[in-house]
Amino acid sequence: MRTQVIVGLILALLLTQMPIVGKYFAILNTMIHESGHSLMALITGGEVRRISLLPNTAGTTLTGHTSWIGHFLTSVSGYVFASFFGYLFFYLISKGQYKWMIYILLAFLTVNLIFWVRNGYGLFWIVTFGALFIFLLKSGNTALIQYSLVFFASLILVESVTSAFEIMWISFVSPLQAGDAANLSRATRFIPAPIWGVAFFAQSLYFALLAIKQVFRV
């Protein structure tokens, strides 16, 4: 198990640096991130109008809110949601619950396909990625399922950390372009974007540490 995870993390880190294939796989984390925004918007009484998943791994979620707190929590939730699921998937792997990871990801894909994602590339990505997970389930090949899901869990964990680091970096060099950190800065007014960027990166490291501890029992 430990060797599989180490190999998975290295492969995920290397693959996500590749221009086309790497970005295709990295969108898995983007989908979870944007789903976090959407679910929080619904929980707080708002609405989800649409999600766009883009080839460069960027994603946008257009939501509507009835309160300031709803807008605030929706803006906070994306990075935290992705980081939490990076940890959760490693937890499931440590318990040998590989198929539950597939079921959860298929549920995300299905909800996004039916209700939220409407741009062409996003729909293409959901259909092809969903077909990949269905293939894994039907293959019945235990080794293939295990290695694939360790890789996908590693991919989500690596991307949750690197994307949080990127938003932290952008929040320092170009605060107005710092996505969720910029939104939160505008919402709170007295907390600048770099503070939110650091907070996003710190929580990603926290969940990554929990994930590593779960697998390596340290």
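Nothing here was measured: the structure is a model prediction, and the numbers come from that model. (Residues numbered from 1 in each chain as written. Predicted model: local features only at pLDDT ≥ 70, side-chain atom pairs only at ≥ 80, totals over all residues. Heavy atoms only, no water.)

Moving on: helix H7 (residues 179–188). Counting buried residues in H7 gives seven out of ten residues, a clear majority hidden from the surface. What H7 keeps buried is the set Asp180, Ala181, Ala182, Leu184, Ser185, Ala187 and Thr188. Residue Arg189 follows H7 closely and has a positive phi angle near 70 degrees. (Buried < 20%, exposed > 50% of the residue type's maximum accessible area, 1.4 Å probe, protein only. Helix = DSSP H or I, 4+ residues; strand = E, 2+ residues; numbered from the N terminus.)

With that out of the way, let us pick up the environment of Ile69. Tracing the sequence through the fold places Ile69 in helix H3 (residues 68–94). Judged by its relative accessible area of 43%, Ile69 falls in the partly exposed class. Sequence separation of Ile69 and Thr44 is 25 residues, and the distance between their C-alpha atoms is 8.0 Å.

Under the criterion given, the structure shown has 25 aromatic pairs. On the numbers, 5.5 Å between centres and 85 degrees between planes, the contact of Phe84 with Phe85 is edge-to-face. Through pairs of rings, three or more aromatic residues link up here, namely Phe81, Phe84, Phe85, Tyr87, Phe89, Tyr91, Phe108, Tyr206 and Phe207. (Phe/Tyr/Trp six-rings, centres within 6.5 Å; stacked < 30°, edge-to-face > 60°.)

Attention shifts here to the packing of helix H2 (residues 21–43) against helix H6 (residues 142–173). One can describe the packing of H2 onto H6 by two numbers: an axis separation of 9 Å at closest approach and a directional angle of 70 degrees. Classified by the angle between their axes, H2 and H6 sit roughly perpendicular to one another. In the crossing of H2 with H6, the sense of the turn from one axis to the other is right-handed. Listed contacts from H6 to Phe25, Ala26, Leu28, Asn29 and Ile32 of H2 are Phe151, Phe152, Leu155, Ile156, Glu159, Ser160 and Ser163. Residues of the contact of H2 with H6, tallied by class, amount to eight nonpolar, three polar and one charged. (Axes fitted to C-alpha atoms, helices over the stretch in contact; angles between N-to-C directions. Parallel < 35°, antiparallel > 145°, perpendicular 65-115°, else oblique. Left-handed = near helix turned anticlockwise from the far one by under 90°. Contact = heavy atoms within 4.5 Å. Nonpolar A, V, L, I, M, F, W, Y, C, P; charged D, E, K, R; others polar.)

Our focus in this paragraph is the layout of surface pockets. Roughly 890 Å³ of internal volume is contained in the largest pocket. Lining the largest pocket are 34 residues, with His33, Glu34, Ala58, Gly59 and Tyr79 positioned closest to its centre. Of all the secondary structure elements, the ones that give two or more residues to the lining of the largest pocket are H2, strand E2 (59–64), H3, H6 and H7. (1 Å grid on protein atoms, 1.4 Å probe; cavity = no way out; pocket = protein on both sides within 12 Å on 5 of 7 lines; lining within 4 Å. Points joined across faces, edges and corners; volume = space filled by probe spheres on them.)

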